[in-house]
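# Working through the structure, step by step
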Amino acid sequence: GTVRVWCHEHVLGKNVWDDAVPGHLFHLMTEADSTISDSSEGFSCLRALFVLVNDRSGNVRRTREFTELPVDDTAIQCRVNPGELTGCRSLWQTVLKATDPQVVTASMRFLNKVYNSPVPDLRESVASIRGGYVARCMSMLNEAIDGGSDHAGVVRVLSLLQTLLEDTEIRGVGV
């Protein structure tokens, strides 16, 4: 609980840590093959650090300042192809491996938000970004099928693809 609050407060600009600490903590969370993000609190911290680290590196931009907890993850836009964001692999892994249904739902929503929110300068690259998203989903789908009985993984990947299709249909922008 306390680390999660510190993560969020740091994202809100309260700078409770030295500037290097969030990046180091994020690195530990994303590089460790742990289940830290398998709890609502852990995923909330991972998401807050993801936004903070990528915002500081200039890879995402906040569309408005975060003023309250929990961090509003809808207030970001990607400045680079989302697959290039620091920690993106961990978001995909959380979608596939989380056991808490709330974390699965939150991580799927956040991953889709990340891939569907480019800055206007990337609008010409939307087809390429979404094509990369679909290719990643297909690769994960093949891994889940070839790996045996990971029914949950197959369902989650298909759900990601369905959400992408629904979103592009609503916006009128296809892959």
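Residues numbered from 1 in each chain as written. Predicted model: local features only at pLDDT ≥ 70, side-chain atom pairs only at ≥ 80, totals over all residues. Heavy atoms only, no water.

### Remarks on the overall build of the protein chain
What the protein chain contains, in helices and strands, is seven helices and two strands. Beginning at the N terminus, the succession of helices and strands in the protein chain can be written as α-α-α-β-β-α-α-α-α. For the protein chain, the exposed area adds up to about 9,000 Å²; of that, 51% sits on carbon and sulfur atoms. (Helix = DSSP H or I, 4+ residues; strand = E, 2+ residues; numbered from the N terminus. Areas by Shrake-Rupley, 256 points an atom, 1.4 Å probe, with all protein chains shown as cover.)

### A short note on the nonpolar core
In terms of nonpolar packing, the biggest core is built from 36 residues, with W92 and V114 touching the most fellow members. Among the secondary structure elements, those contributing two or more residues to this core are α3 (40-56), β2 (76-78), α4 (88-97), α5 (101-115), α6 (126-146) and α7 (151-171). A per-element tally of this core places α5 first, with eight residues. Beyond its immediate stretch of four places on either side in the chain, V114 contacts F50, I76, C78, P82, L85 and L91. (Core = buried A, V, L, I, M, F, W, Y, C linked by side-chain atoms within 4.5 Å. Buried < 20%, exposed > 50% of the residue type's maximum accessible area, 1.4 Å probe, protein only. Contact = heavy atoms within 4.5 Å.)

### Here's the deal with the packing of α3 against α5
Packing of α3 against α5 brings their axes to within 9 Å, and their N-to-C directions diverge by 15°. One way to sum up the angle between α3 and α5 is to call them roughly parallel. α5 is crossed by α3, and the crossing has right-handed handedness. On α5, the residues that touch S40, F43, R47, F50 and V51 of α3 are Q102, V103, A106, S107, R109, F110 and V114. When its residues are assigned to classes, the contact of α3 with α5 shows seven nonpolar, three polar and two charged. (Axes fitted to C-alpha atoms, helices over the stretch in contact; angles between N-to-C directions. Parallel < 35°, antiparallel > 145°, perpendicular 65-115°, else oblique. Left-handed = near helix turned anticlockwise from the far one by under 90°. Nonpolar A, V, L, I, M, F, W, Y, C, P; charged D, E, K, R; others polar.)

### A look at the packing of aromatic side chains
In this structure the tally under the stated criterion is four aromatic pairs. Aromatic ring contacts, followed pair by pair, group W92, Y115 and Y133 into a single cluster. (Phe/Tyr/Trp six-rings, centres within 6.5 Å; stacked < 30°, edge-to-face > 60°.)

### Considerations on α6
Taking 1.5 Å per residue as the helical rise, α6 with its 21 residues ought to reach 30 Å, and the 30 Å between its terminal C-alpha atoms agrees with that figure. Of all the positions in α6, only V126, I129, R130, Y133, C137, M140, L141 and A144 are classed as buried. Buried residues along α6 cover an arc of 115° about the axis, so they all sit on one side. Of the residues in α6, the exposed ones pointing more than 90 degrees away from the buried face are S128, E143 and D146. (Expected span 1.5 Å × (residues − 1). Arc of directions from axis to C-beta.)

### Section: the state of the cysteines
One pass over the structure, following the stated rule, counts zero disulfides. Here C78 is not cross-linked by a disulfide; its sulfur's nearest cysteine counterpart is in C88, at 8.0 Å. Residue class for C88 comes out buried when judged on its relative accessible area of 3%. (Disulfide = S-S within 2.5 Å.)

### Comments concerning the environment of L141
Looking at the secondary structure, you find L141 in helix α6. For L141, a relative accessible area of 10% puts it in the buried group. The spatial distance from the C-alpha of L141 to the C-alpha of L158 is 7.9 Å, given a sequence separation of 17 residues. In this structure, L141 is in contact with V154, V157 and L158, ignoring residues within four places of it in sequence.

### With respect to the environment of N112
Note that N112 resides in helix α5. The spacing of N112 and L160 is 48 residues in sequence and 7.3 Å in space, taken between C-alpha atoms. Excluding anything up to four places from it in sequence, N112 contacts Y133, L160 and T163.

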